[in-house]
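Fold and contact review
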Amino acid sequence: MFSRAYKTAVTLPPLVWVAAFLLTPYLLMFCYSFWSVSAAQIIVHHWSLDNYRELLRVRVYWQTLFRSMWIAARVTIFSLLLGYPLAYFLSFHAGKRKDLFYQLVIIPLWVSYLVRAYAWKTILGSDGVLNTLLQYVHLTEHPLQFLLYSPFAVVLTLTHIYTPFTFLPIYAALEHIPRNLVEASHDLGATPGQTFWKIVFPLSIPGVLAGATFAFVLSLGDFLAPLLLGGPGGIMISNIVVSLFGAAYNWPLGAAISFCMLLLVVSLIFLSEHLERKWGFS
Amino acid sequence: MGLLVSGKGREARKAPRWLLAYAVAVFAFLYLPIAVLILYSLNGEGVGGFPPRHLTFDWYRVLFSDGPIWDSVLNSLQVAFAAMVISLTIGVPAALALDRAQFPGKALFRRLVLLPLILPGVITGLSLLMLFNAAAVKLSLLTIVLGHGTALISVATTEVFAGLQKLDRAQEEASLDLGANYRQTFWRVTMPNLKLSIIGAALLIFTLSMDEIAVSFFLIGRDNTLPLEIWGRLRRGITPEINAVSTIIFVFSLVAIVVWYRLRMRHGGTEAGMEIVEAVGGIGA
């Protein structure tokens, strides 16, 4: 029904733009990862695998990557633990107030990321809200130091930021479950627990996978929360990349790490898609 | 439905008490920082300290006479507006292309468009930094606009694509059959039907761009956007002035969401942001 000219007119401009501003930058990043920096701080366009060798050789990169993954894994687990029951409550028990509650979950998403991280900083600091409250009610004598500038603070903040992100796809999946399946299960004598584990949960797996992917990938690449709240023990892989592009001035090595992260992210998305097809029933 | 079934159905809808308590606790967790943020914007004694003391609007007064903050707000508004124009100009045709055209590399194209939604900002930001560096483009607000505009095409495309799925093709067919050309059909039939999706996308893009920091972080030139101005101040030490400006932005975002929500609900749309969630779930597919 649409002419060739119409199709060209809607296809060509986006194709050109995406090629110029998405594809080219990623390819450029890939190229950079094979280059190097000379002693005079000039980028040398000499192709080698040295940057990748360096990544395999130096332990701090591995340690930081694993620490980032461990932080991201904890964020994912906590976001699911908070997000899933909330989504379940909204989808099955909120009744007429469902829309209102839904909006209430979405609203924190619109408070700037930076502002929420900053709010946690003011809560967790040694003269912050929490510590002064604990002393005010005489639960503690001295401020608790482990609250801020620790991996704990990063995990807490990122969990706060990504819980609505995990909630959304889970809620979408729960909303798609035909209610007569649940009623049939009740009518046939299943307990609420059996109904949940045999009917509801398996059907919500695609949402859980999408939510987990969101939380894991986005928190894995975070660099602002660690800078603001992490302290020396909370440095994540993106912080290393940022310093390589900044003061340390080694763009090629930074590009190599970024490219590895890109690969990791894309493979996680594919894995999650694959599992969704395998376990999902849709 | 017999009496028995409806009776059981009602019973099933009553939440167990622990679930209700749990949901309340999660809401409390989600809102605690926001409450603290707003409360301490009124605290005369600075950020932190319990209980808050000497409630005052002084920080708002300080804020209103703070030149650099308002410069950065103006920059952010300009960036958000320009990014919105770019994302829509590219994102609307992209949605039409995905809906209606077949071309080589379509699957790759779709994935590339959606990727910035889920990719950590550090990768999007740095890859663009390398591009601008290679092209010898000086970093400025313009480079931030290009970054936001490109990353947020994903939002425009998913929203409009969802709108197109609901669009009745027969209307466009009728328009073409009755002698309107493609241009007329596009502006008089297709676009009016997509109006809601486009307004929704525009509001979302605007808000997301206003708040964006990870990509801007790498593409910033001499002029700051508001989040970067705040970031700079956070590193120097914190005052309730930041709480005050954050509270104001929060209120504006809230208004934007309420406007969008009412628009959608009036037109029987799905819940806010659902298309994007489902699209992201399908990036790898």
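The structure presented is a predicted model; accordingly, all values stated were derived computationally and were not measured.

**Overview of the environment of Ser140(B)**
Residues and elements named next belong to chain B. Along the chain, Ser 140 turns up in the loop between helix 6 (121–134) and helix 7 (141–151). Note on Ser 140: 14 C-beta atoms within 10 Å, which makes it partly exposed. For Ser 140 and Thr 150, which are 10 residues apart along the polypeptide, the C-alpha to C-alpha distance reads 16 Å. The contacts of Ser 140, once residues within four sequence positions are left out, are Gly 221, Arg 222 and Asp 223.

**Side note on unusual backbone geometry**
Backbone geometry places Tyr249(A), a non-glycine residue, at a positive phi of 40 degrees. Looking at the element boundaries, Tyr249(A) is found in the loop between helix 11 (237–245) and helix 12 (251–279). Residues other than glycine seldom take positive phi values, yet Ala136(B) does so here, at roughly 55 degrees. Mapped onto the elements, Ala136(B) comes out in the loop between helix 6 and helix 7. Overall, Ala136(B) belongs to the exposed group, with 6 C-beta atoms counted inside 10 Å.

**Side note on the interface of chain A and chain B**
Chain A puts 85 residues into the contact, and the matching count from chain B is 78 residues. By residue number, the principal contributor to the side of chain A that touches chain B is helix 1 (residues 4–32) of chain A, which donates 18 residues. When its residues are assigned to classes, the side of chain A that touches chain B shows 60 nonpolar, 18 polar and 7 charged.

**Observations concerning the packing of helix 2 (residues 50–57) of chain A against helix 12 of chain A**
Residues and elements named next belong to chain A. Where helix 2 contacts helix 12, the two axes come as close as 9 Å, and the packing angle between them is 70 degrees. Compared by their axis directions, helix 2 and helix 12 come out roughly perpendicular. The residues of helix 12 that touch helix 2, namely those facing Asn 51, Tyr 52, Glu 54 and Leu 55, are Pro 252, Leu 253, Ala 256, Ile 257 and Cys 260.

**Notes on the confidence of the model for chain B**
Residues and elements named next belong to chain B. Taken residue by residue, chain B gives an average pLDDT of 84. The fraction at 70 or more is 87%. For chain B, per-element mean pLDDT is lowest for helix 1 (residues 3–13), which scores 43, and highest for helix 7, which scores 95. Low pLDDT, under 50, characterises residues 1–12; the stretch is placed with 8 contacts to residues that sit more than four places away or in other chains. Two summary scores accompany this predicted model of the complex, namely pTM at 0.88 and ipTM at 0.88.

**Here's the deal with the environment of Leu115(B)**
Residues and elements named next belong to chain B. Within the secondary structure layout, Leu 115 lies in helix 5 (residues 106–118). Judged by the 22 C-beta atoms lying within 10 Å of it, Leu 115 is buried. Sequence separation of Leu 115 and Ala 151 is 36 residues, and the distance between their C-alpha atoms is 8.3 Å.

**Considerations on helix 5 of chain B**
For an α-helix, the turn length of 3.6 residues means that residues three or four places apart are oriented alike. Residues and elements named next belong to chain B. When the terminal C-alpha atoms of helix 5 are compared, their 19 Å separation across 13 residues agrees well with the 18 Å that a helix rising 1.5 Å per residue should span. Most pronounced at Leu 112, the bend in helix 5 amounts to some 25 degrees, and the proline Pro 116 follows within four residues. Among the residues of helix 5, those classed as buried are Phe 109, Arg 110, Leu 112, Val 113, Leu 114, Leu 115, Pro 116, Leu 117 and Ile 118.

**Focus on the environment of Arg169(B)**
Residues and elements named next belong to chain B. Looking at the secondary structure, you find Arg 169 in helix 9 (residues 169–177). For Arg 169, a count of 12 C-beta atoms within 10 Å corresponds to the exposed category. Taking the C-alpha atoms as reference points, Arg 169 and Ser 253, separated by 84 residues in sequence, lie 35 Å from one another.

Procedures and definitions
Residues numbered from 1 in each chain as written. Chains lettered and ligands numbered in written order. Predicted model: local features only at pLDDT ≥ 70, side-chain atom pairs only at ≥ 80, totals over all residues. Helix = DSSP H or I, 4+ residues; strand = E, 2+ residues; numbered from the N terminus. Buried ≥ 20, exposed ≤ 12 C-beta atoms within 10 Å, placed from the backbone. Contact = placed C-beta atoms within 7 Å. Nonpolar A, V, L, I, M, F, W, Y, C, P; charged D, E, K, R; others polar. Axes fitted to C-alpha atoms, helices over the stretch in contact; angles between N-to-C directions. Parallel < 35°, antiparallel > 145°, perpendicular 65-115°, else oblique. pLDDT = per-residue confidence, 0-100. Expected span 1.5 Å × (residues − 1). Bend = angle between axes of the 7 residues up to and from the residue.

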